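Summary of structural features
Residues per chain are reported as follows:
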Amino acid sequence: MKKALMIATALAVTSSALAAGKLEIFSWWSGDEAPALEALIKVYKAKYPSVAVDNATVSGGAGTNAKAVLKTRMLGGTPPDSFQAHAGQELIGTWVVANRMQDLTPLFKSEGWMKVFPADLVKLISAKGGIWSVPVNVHRSNVMWYNPAKLKEWGVSVPKTWPEFLSTCTTLKAKGVAAPLVVGENWTEQHLWESVMIGTLGAQGWENLWNGSLKFTDPRVVGAFTTYGKVLDCANKDASGLSWQQASDRIIDGTSAFNIMGDWAAGYFTTTKKLAPGTGFGWAASPGTTKTFVMLADSFGLPKGIKDQAETMNWLKVLGSKAGQDAFNPLKGSIAARTDSDLSKYSVYSKSAATDWKSSKIVGSMVHGAVAPESFTSAFGAVIDQFVASKNSAGAAAAAQQLAVRSGFGK
Ligand code: GAL
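This text gives an overview of the structure that appears in the document. Not measured: the values here are computed from a predicted model.

What counts, and where the lines are drawn
- Residues numbered from 1 in each chain as written.
- Predicted model: local features only at pLDDT ≥ 70, side-chain atom pairs only at ≥ 80, totals over all residues.
- Heavy atoms only, no water.
- Core = buried A, V, L, I, M, F, W, Y, C linked by side-chain atoms within 4.5 Å.
- Buried < 20%, exposed > 50% of the residue type's maximum accessible area, 1.4 Å probe, protein only.
- Contact = heavy atoms within 4.5 Å.
- Pairing = 2+ DSSP bridges.
- Helix = DSSP H or I, 4+ residues; strand = E, 2+ residues; numbered from the N terminus.
- Axes fitted to C-alpha atoms, helices over the stretch in contact; angles between N-to-C directions.
- Disulfide = S-S within 2.5 Å.
- Phe/Tyr/Trp six-rings, centres within 6.5 Å; stacked < 30°, edge-to-face > 60°.

1. Here we look at the nonpolar core
Grouped together as the largest cluster of nonpolar side chains are 69 residues, with contacts concentrated most on F83, W145 and W315. Sequence-distant contacts of F83, that is, excluding residues within four places in its chain, are made with F26, L70, M74, L91, W95, M101, S299, F300, G301 and P303.

What follows is the structure, given as structure tokens:
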């Protein structure tokens, strides 16, 4: 080949590689949690077939591991093109206040999203005059899962309050069920704590904890910690070794009667385990929270200093689109963040969640980043660990209050 031709060929290859582009998507949705994200990437690939998508995941429920890796990358100056973060304080209190994110207000306007996302959700992702991420879903945290056939066999019904739960627990133990409740690793214990708190203090009490008007040391909160301790006495002793999926499995195989988990469990039951909602698994609002929807939303943002700006903007457009959300959410167990999704594509469980989303009092999840800054949530795990070991309500309440003050919202 003549030299000029060789150079021309090499240039053509380079420029077509450039034209093809790259996109790195960073999340914790691997393994059993992967199918929904893969479906969303498929929608993106159908529109942008020449972009090489790097689906970079760091496994570990609730992002416990991914968040640590993300921190290293953000601080080290190698941000992923787009990363998963919970809508609300998790992103705002960390990467927005550190001035590491790009404002998405123009994108929200050009895509018409101000009209299709609920105003309260847009408020949750807004701060400092900007909008900072694109929500792909709405998950519910306060759900109690069970196995209908097993409850029938044991002759118990779904408890509606925590005191009722405790008496059901006694009944089940008498029938030989050693652990009526199943719980997993630390973050799932925090998740359970959240449901016990809201079911005991009420939605308003919960909100007051995060706006600083209710102290963790208030006797009502200390009392709720004591209830949480009694609830834990109904649970398995090998919690720390179980992922949320392994905990969910114990409902299906009948080892335990109840599990409190977000509705990604519905995605796991239907997508991974191929179980039918209503027969293969049952659900109810966690005790004491029937009229409350504890929400969280997975969202993706646009960090400053990324390499693939155009490809990432297109990714965010797909993520916020009706087609993208209706491909992702039916597999994930969540409902679309958009108000115009096609519910005929969703399971019976998700249809019920969509109804509750419209008719319930909405409050935000702490464990999943909506209401408290990362400085609080990342340290709260240790408070729970200590409580699990000591069952010292007053001590845990005092430690939580100290954390709240240090994180800037406690008074
Ligand atoms: C939550 C997240 C969900 C799900 C869950 C379990 O924090 O919002 O989408 O991934 O963790 O890992």
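The rest of the description comes next.
2. Focus on the sheet that holds strand β10 (residues 282-285)
The strand order β9-β8-β10 describes an open sheet built from 3 strands, whose pairing is antiparallel. At either end of the open sheet lies a strand with only one pairing partner, and these are β9 (259-261) and β10. Taking the axes of each pair of neighbouring strands and ignoring which way they run, one obtains an average angle of 35 degrees across the sheet. Two strands pair when backbone bridges link them, and strand β8 (residues 143-146) and β10 are joined in this way by 4 bridges, in the antiparallel orientation. Within β10, the residue paired with M144 across the bridge is A284. Sitting on the sheet, helix α12 (residues 244-252) touches β8 and β9, and the angle it makes with β9 is about 140 degrees.

3. Considerations on the environment of A39
With respect to the helices, strands and loops of the structure, A39 is situated in helix α2 (residues 34-47). For A39, a relative accessible area of 17% puts it in the buried group. Once residues lying within four places of it in the same chain are set aside, the contact partners of A39 are A327 and L331.

4. Quick look at the sheet that holds strand β11 (residues 292-296)
An order of β7-β11-β13 is seen for the 3 strands of this open sheet, with the pairing classed as mixed. Lying at the two open borders of the sheet, with one neighbouring strand each, are β7 (139-140) and β13 (361-364).

5. Regarding the side chain of T292
Looking at the element boundaries, T292 is found in strand β11. Taking relative accessible area as the criterion, T292 reaches 8% and is therefore assigned buried. Residue contacts for T292: discarding those within four places in its chain leaves R140, N142, I198, A203, S360, K361 and V363.

6. So, the state of the cysteines
Under the defined criterion, the tally for this structure stands at 1 disulfide. Here C169 engages in a disulfide with C234; their sulfurs sit 2.1 Å apart. Disulfide C169-C234: the torsion about the S-S bond is -110 degrees, which places it as left-handed. Placement of C169 in helix α9 (residues 162-174) and of C234 in the loop between α11 (219-232) and α12 is noted, with a sequence separation of 65 residues between them. Grouping residues by exposure puts C169 and C234 together as buried.

7. Side note on unusual backbone geometry
If you check the backbone angles, K274 has positive phi at about 55 degrees while not being a glycine. For K274, the position within the fold is in the loop between α13 (264-272) and β10. Of note, K391 is a non-glycine position whose phi angle comes to about 55 degrees, a positive value. Along the polypeptide, K391 turns up in the loop between α17 (374-390) and α18 (393-406).

8. Focus: the packing of aromatic side chains
Applying the stated criterion across every chain, the model contains 32 aromatic pairs. Among the aromatic residues, those joined into a cluster by ring pairs are W193, W206, W210, F216, F225, Y228, F376, F380, F387 and F409.

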